[in-house]
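Chains, contacts and geometry: an overview
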Amino acid sequence: PLQTIHQVVEELDGGERSRLLYLCQSPETDTSAEALKEILGRVLLHDSGQLMLRELLVRLRRFDILKKVCQTSRDEAERILSVRHFVPSFRVLMANISQALSSENLEDIKFLLSTTLPREKLGKSKSFLDVVTELEKLDKVSPQRVDLMEKCLRSIGRVDLAKKVAAYRNPAKTQSSCKHRQIMYAAYESDAKNPSILSHFKAPGHSLYHFALHQSQKPFQFLHSEVRVPRQNPLDSYRMTSNPRGVCLIIDCVGTDGDLLEQTFRALHFSVVVHRWLRGFEILTTLKETMRQRECTEGDVFACCIISRGTSNHLLGTDSHNRGLHVNSIRRQFAANECLALAGKPRLLFLHKYSVADFQMHNGREHRDEDLETDGLSGAAMDGLIPENADTFWSHCWTDGHQLEKGIHCSVYVRALTDALLKAHRRKLHLNELHMDVNRVVFEHNSRHPEEEYDIEVSHTLRKNLYL
């Protein structure tokens, strides 16, 4: 892998390195060889790392490196991409537009945005992707909000690129999903650049001047408002505008409350994936596979709910003769360096464990922890571009497994959690406020029913408020 990384990085020029950073959704701006090698090293650590590397080279149109380093032809790589890809379509579109714009086009766009972005930010923006990144920080441009960019491109005469943005924004208007893929892949091809029609774009009589003046007098009106914009300050809160909001993976290994969680997260506008009756090692495999799916990486948030029997530190799933899956194996999957496409986005884990005695689980072959945790990375082993444990929220509840033997059972924790989630959604409460309601309900239950006590452990590394 080190030799592969070295070969790739040394072949890339400055512009290609910048696009690579953007495609990897890295907040880093350092395009030095060492920085790029570190990023690609993280890519190749993943199970699908080789596929991700091939996709990045296709997006950069470096088919020569693809052939020489990865021994893969362009046709073969594009066939794979037609089935599965890792880089969000929005990032691909913006990177391809950046490559197609001339330096004069870029200056025109920066002038149009002179009343939207601070002067010092525009001055430091050396590429179109720098401009897009600043607009994303202000929530002016996002995967669900590209109208401003489309209008800018039309105003500078790049109708060809504006049409690509329009096709991305409203794929339903294309003839079929296949036709939509053709439009997106057409972004691979270099566009014939239109001659500039703005040789005097700052003249008061020019339409571009009037566009900028309009921007200064009246806030930009989006042509299509398909999602509700949160009332909270976007700089203080995580973006939560995608539709669906994200993926919620529900793993129910005991047959209780999975349906209630599914109904709740669907009401919160999540795309819900439910798995039932998994063994211990299958829990980890299912989590890893789900987090790498395209739908998961394109949302603004990822949530996972697991209900399982377990011992003090392990989840058993449906196993009865193995030690099971260490809880830390689950938590490690939520680190930024284990799910690059979710870095910077909030990742939530709600874990409900029904405790059984440790000795019951040692009658057969034990799985060693190292068998189940080979994908985990220690903090000392790798410094994250975003701190690897940032943007996570863990809620871990456990109670006596004998409660499952009492006929129809409904978890107090799950009931309190679902009620609080719906209440928070209606009243615009952030996640920390939400969980205080859960704590209150659980502790009141414990005071009334000490024989059915629930314990809760909550920790988080969220850097902003999270409103579901």
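Residues numbered from 1 in each chain as written. Predicted model: local features only at pLDDT ≥ 70, side-chain atom pairs only at ≥ 80, totals over all residues. Heavy atoms only, no water.

Under an unreviewed UniProt entry, the name given to the protein chain is CASP8 and FADD-like apoptosis regulator, and the organism recorded is Tetraodon nigroviridis.

**Regarding the pattern of salt bridges**
This structure, assessed with the given rule, holds 21 salt bridges. With its nearest N and O atoms 2.7 Å apart, the salt bridge here joins K68 to E11. On the criterion of sequence distance, the pair formed by K68 in helix α5 (residues 63–70) and E11 in helix α1 (residues 2–11) is long-range, its members being 57 residues apart. Judged by relative accessible area, K68 falls into the partly exposed class, the value being 46%. For E11, a relative accessible area of 32% corresponds to the partly exposed category. The partner of D139 in a salt bridge is R145, and the shortest N-O contact between them spans 3.4 Å. (Salt bridge = Lys/Arg side-chain N within 4 Å of Asp/Glu carboxyl O. Helix = DSSP H or I, 4+ residues; strand = E, 2+ residues; numbered from the N terminus. Buried < 20%, exposed > 50% of the residue type's maximum accessible area, 1.4 Å probe, protein only.)

**Side note on unusual backbone geometry**
Of the consecutive residues N243 and P244, the connecting peptide bond is found in the cis state with omega at 5°. By the element assignment, P244 lies in the loop between α14 (207–217) and β1 (246–252). Positioned with a positive phi, D391 is a non-glycine residue whose angle comes to about 70°. Its location among the elements puts D391 in the loop between α19 (369–372) and β7 (392–400). Given a relative accessible area of 0%, D391 falls into the buried group. Here the phi dihedral of K428 falls at roughly 60°; this positive angle occurs in a residue that is not glycine. The residue K428 is located in the loop between α20 (412–427) and α21 (431–448) in this model.

**Considering empty space enclosed by the protein**
The final tally for this structure, using the stated rule, is six cavities of 30 Å³ or more. Estimated volume of the largest cavity: approximately 270 Å³. As for the largest cavity, its lining consists of 20 residues, and the residues nearest its centre are M52, F86, C339, L340 and A341. Elements with a minimum of two residues in the lining of the largest cavity: α4 (49–59) and α16 (280–291). Structurally, the lining of the largest cavity is a two-domain feature, drawing no fewer than three residues from each of domain 1 (1–84) and domain 3 (246–357 + 387–461). (1 Å grid on protein atoms, 1.4 Å probe; cavity = no way out; pocket = protein on both sides within 12 Å on 5 of 7 lines; lining within 4 Å. Points joined across faces, edges and corners; volume = space filled by probe spheres on them. Domains from an automatic or database assignment.)

**Examining the pairing of β7**
Most of β7 sits inside the fold, with seven of its nine residues counted as buried. In this sheet, β7 lies alongside strand β6 (residues 347–355) in parallel orientation, the contact comprising nine bridges. Each bridged residue has a counterpart across the sheet, and for S355 the counterpart in β7 is D400. Two strands pair when backbone bridges link them, and β7 and strand β8 (residues 454–460) are joined in this way by seven bridges, in the antiparallel orientation. Its bridge partner being in β8, W398 is matched across the sheet by D455. (Pairing = 2+ DSSP bridges.)

**A word on the pairing of strand β4 (residues 314–317)**
A two-sided burial pattern is seen for β4, the buried positions comprising H314 and L316 on one face and L315 and G317 on the other. Across two bridges, strand β3 (residues 301–310) lies against β4 in antiparallel orientation. Bridge pairing in β4 places R309 opposite G317. As paired elements, β4 and strand β5 (residues 325–326) share two bridges and run antiparallel to each other. Note that in β5 the partner of L315 across the bridge is L325.

**Quick look at the side chain of T297**
Relative to the assigned elements, T297 resides in helix α17 (residues 294–298). Overall, T297 belongs to the buried group, its relative accessible area being 4%. Polar contacts involving the side chain of T297 include one to the main-chain carbonyl oxygen of R294, which spans 3.0 Å. Setting aside its immediate chain neighbours within four residues, T297 contacts F86, M291, A341, L342 and K345. (Polar contact = N/O pair within 3.5 Å; in protein donor to acceptor, adjacent residues only side chain to side chain. Contact = heavy atoms within 4.5 Å.)

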